[in-house]
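# Coordinate inspection notes
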Amino acid sequence: MRYCYGKKKDKWLLVLSGLFFFVCLALSSCTKAEELPGDINENERPAGGGEEKKPPVIYVTGVGFPTGYDWRKGNYEEVNAYLVVLKNGEKYLNIPVGKQYHVSLAPDMHRLVRGHLYSDYSTEDETILSKDGIELFRYEGREMMAGFAVRDKKVYTLGMSRTGRGLTFRCNGKLLFSDEDGCTVGDIGKCLYEDQGDLCFAYRKKQAFGSSELGAWYLYSRGTVRKVELPDGIGKIHAIRQVEGKLCAVVSYNQPDSPVGMVWGDKEYSVTKFGSFNDISRCDIIAKSGTVYVKVKFGKEPSGRYVLWSNAEKEYLYDGTLPVCDFYMEGADCRFLVFSENTIYVHDSSGNIEEINGGYRFGSTYCASLDEGVMRVALSALDYRKHPILWTDGQVEELPFVGYVTSVVPDYVRR
C-alpha cells in the first residue's frame, strides 16, 4: 500500500505504517495456468442505457476505538477495537477485531467491494479470508494480499508470502498459479487488475534468496505467464501493464541522459524530459476510462519531482518542497494532494488550490477518490479524541466514530 511520499515519520504515522508492509516487446517463455471465466466485479459504474443518473453510494472504512482511548499508542489488545464501514455517513457494519475473530485492524488487510468488507488474517501457518467478519475459506501458508477481486461470486487473490519471497494466484483459496521466486510490483492491494475481462498482474523474480535485487519482468494474462524481453535499444523497464490487450511499458533507452518513454503495442511516446531515468525512484502505469497515465517520481525522499503524464498529451508537474501524497485522474481532470505539517492542499489541473486545515492527516492513497468530477478525501484527526472527517469538494462532514479512516469508496452499482 502506498503512503504519502516523503513524510517524516512521527509517532502517529509510525503506528499506522507499522501495521502494514508497500513497444514491440517480445513475449516468450509461456507457462499455461488454469483458465479464468467471466468478468471482474468491483465498484464500477454500470453501463449507461439512458437511465436517470443516480448519485453513488459513498462508503468509508476505518478502525474504531472506544471514546477516550489513545489509539496512537498502538497497544490494541487492551481495548475492543473494531473495523467500521459507513454508508452515506451512517454506520453500516461494525466487525470486532482480534485473534479470536481472525480479523486484523491493519489497513492493508481489509478492502470494500460492493458494500461488503473482505478481510484477511494470517495465523502461524494459515491465511483466512472473511466477508463481513464471517469466514469464507482458509488455506495453508501465510500471505499478504497484493491484489484482490470478486467476480461471479468467487474471490480471487494475488498473494505474497510473508517471508518476502514467492507469490500465488488463487480462486476461493484454490491455487491457480504460483512462482516461488516471484515478487509483485506496484501498490499493495492494486497489483491485480482487469483488462478486457481478464485478470492480469505483473511481477518480477528475485535474483537470489535474501536479495532485494529484482530481475526479469513477467506478465500474467488469460491464464498464461509471459516473460518480457528487452528489444534492442531499450536499457531498462520501469513499469509494465496490459492495456486493451496490448503490453504497455515505461522504458528508458541505452543513451546518456535518456528521456523516459512509453511503448504501447506498436506505438512509442516520450513521457517526460524532466529528470534523468537514473533518478527515478517510483513509477506506475494507470489505465482509466480509455486513458493511459504514467506517474513518475524523480529523486529520493523527502523531496523530489513528481510528474503525471497521459497519452492525451497532457503533463502535470509539481516541483516543490512539499511531498505529494498521490495523483487522482479522470479524463483530462487531475487532482493531487500535498501536505505541510498542519495543512493538506488539494491541487487541480487548472492551477486551483484548496486547503484543508484543522489538524488532520492523510493515511494512504485509498483515502481519496476522484469520480464524476467530485474529489473526496477521508482524513484522520491528529487528536485521538476527535472524529475523522470526509472532505467533499470543500464540504466537511464529521464521521461518527473515533479512530482512523482506511478508505473512501464511491459505489456506482445501482440497487
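Attention in this report is confined to the structure presented alongside it. (Residues numbered from 1 in each chain as written. Predicted model: local features only at pLDDT ≥ 70, side-chain atom pairs only at ≥ 80, totals over all residues. Heavy atoms only, no water.)

Here the focus is the packing of aromatic side chains. This structure, assessed with the given rule, holds 17 aromatic pairs. Look at Tyr-59 and Tyr-92: their rings are 6.0 Å apart centre to centre, the planes differ by 55°, and that puts the pair in the tilted class. With Tyr-59 in strand S2 (residues 57-64) and Tyr-92 in strand S4 (residues 90-96), this pair connects stretches of sequence that are 33 residues apart. You can call Tyr-92 partly exposed: its relative accessible area is 38%. Arranged with centres 6.1 Å apart and planes meeting at 10°, the rings of Phe-65 and Trp-71 form a pair that is stacked. Under the relative-accessibility criterion, Phe-65 is labelled buried at 2%. Taken together, Tyr-156, Phe-169, Phe-177, Phe-201, Tyr-203, Tyr-218 and Tyr-220 form an aromatic cluster joined through their ring pairs. Directly above the aromatic system of Phe-148 lies the positively charged group of Arg-111, at a separation of 4.9 Å from the ring centroid. Over the ring of Tyr-366 we find Lys-190, and its NZ or CZ is 4.9 Å from the ring centre. (Phe/Tyr/Trp six-rings, centres within 6.5 Å; stacked < 30°, edge-to-face > 60°. Helix = DSSP H or I, 4+ residues; strand = E, 2+ residues; numbered from the N terminus. Buried < 20%, exposed > 50% of the residue type's maximum accessible area, 1.4 Å probe, protein only. Lys NZ or Arg CZ within 6 Å of the ring centre and 35° of its normal.)

Looking now at the sheet that holds S2. Pairing in this open sheet of 4 strands is antiparallel, and the strands run S4-S3-S2-S35 from one edge to the other. Unpaired on one side and paired on the other, S4 and strand S35 (403-411) mark the two borders of the sheet. Adjacent strand axes in the sheet meet at a mean angle of 20°, parallel and antiparallel pairs treated alike. Relative to S35, S2 runs antiparallel, the two sharing 8 bridges. Each bridged residue has a counterpart across the sheet, and for Ile-58 the counterpart in S35 is Pro-410. (Pairing = 2+ DSSP bridges. Axes fitted to C-alpha atoms, helices over the stretch in contact; angles between N-to-C directions.)

Residues other than glycine seldom take positive phi values, yet Asn-172 does so here, at roughly 50°. As for its placement among the helices and strands, Asn-172 is situated in the loop between strand S11 (167-171) and strand S12 (174-179). In this structure, Asp-393 is a non-glycine residue whose phi angle is positive, near 45°.

On to the pairing of strand S3 (residues 82-87). The buried count for S3 comes to 5 of 6 residues, which makes it a mostly enclosed element. Where S2 and S3 come together, 6 bridges link them in antiparallel fashion. Bridge pairing links Gly-64 to Tyr-82 in S3. Looking at chain direction, S3 and S4 are connected through 6 bridges and run antiparallel. Within S4, the residue paired with Tyr-82 across the bridge is Pro-96. Two successive antiparallel strands, S3 and S4, enclose a turn made up of 2 residues, where Asn-88 displays a positive phi of approximately 50°.

Another point: the environment of His-116. Structurally, His-116 is set in strand S6 (residues 116-122). The exposure class of His-116 is partly exposed, given its relative accessible area of 27%. The spatial distance from the C-alpha of His-116 to the C-alpha of Tyr-92 is 10.0 Å, given a sequence separation of 24 residues. Those residues in contact with His-116, other than ones at most four positions away along the chain, are Arg-111, Lys-131 and Asp-132. At 2.7 Å, the side chain of His-116 and the side chain of Asp-132 are in polar contact. (Contact = heavy atoms within 4.5 Å. Polar contact = N/O pair within 3.5 Å; in protein donor to acceptor, adjacent residues only side chain to side chain.)

Let's shift gears to the pattern of salt bridges. Applying the stated criterion across every chain, the model contains 12 salt bridges. With a shortest N-O distance of 2.9 Å, Glu-135 and Arg-138 are connected by a salt bridge. Judged by relative accessible area, which is 38%, Glu-135 ranks as partly exposed. Lys-205 is paired through a salt bridge with Asp-179; the nearest N and O atoms lie 2.8 Å apart. One end of the pair, Lys-205, is in strand S15 (residues 198-206); the other, Asp-179, is in strand S12, with 26 residues separating them in the sequence. Look at Lys-205 and you get partly exposed, because its relative accessible area is 24%. Through salt bridges that share partners, Arg-111, Asp-120 and Arg-162 make up one connected network. (Salt bridge = Lys/Arg side-chain N within 4 Å of Asp/Glu carboxyl O.)

Before going further, it helps to spend a moment on the side chain of Thr-127. Among the structural elements, Thr-127 can be located in strand S7 (residues 126-131). Overall, the relative accessible area of 0% leaves Thr-127 in the buried class. At a separation of 2.9 Å, a polar atom in the side chain of Thr-127 contacts the main-chain amide nitrogen of Glu-143. Ignoring sequence-local partners within four residues, the contact set of Thr-127 consists of Tyr-121, Ser-122, Phe-137, Arg-138, Tyr-139, Gly-141, Arg-142, Glu-143 and Met-145.

A few words now on the environment of Ser-258. Within the secondary structure layout, Ser-258 lies in the loop between strand S19 (246-253) and strand S20 (260-264). The spacing of Ser-258 and Gly-235 is 23 residues in sequence and 9.5 Å in space, taken between C-alpha atoms.

What follows deals with the nonpolar core. One finds Leu-337, Phe-362, Met-375, Val-377 and Leu-379 to be the most contacted residues of the largest nonpolar core, which totals 29 residues. In terms of residue count, strand S32 (residues 374-381) provides more of this core than any other element does, 5 residues in total. (Core = buried A, V, L, I, M, F, W, Y, C linked by side-chain atoms within 4.5 Å.)

Turning to the sheet that holds S11, a few remarks are in order. In space, the 4 strands of this open sheet follow the order S9-S10-S11-S12, with antiparallel pairing throughout. Each end of this open sheet is capped by a strand with a single partner; those strands are strand S9 (143-151) and S12. Averaged over all adjacent pairs, the angle separating strand axes in this sheet is 15°, with direction ignored. Direction of pairing for S11 relative to S12: antiparallel, over a ladder of 5 bridges. Within S12, the residue paired with Cys-171 across the bridge is Lys-174.

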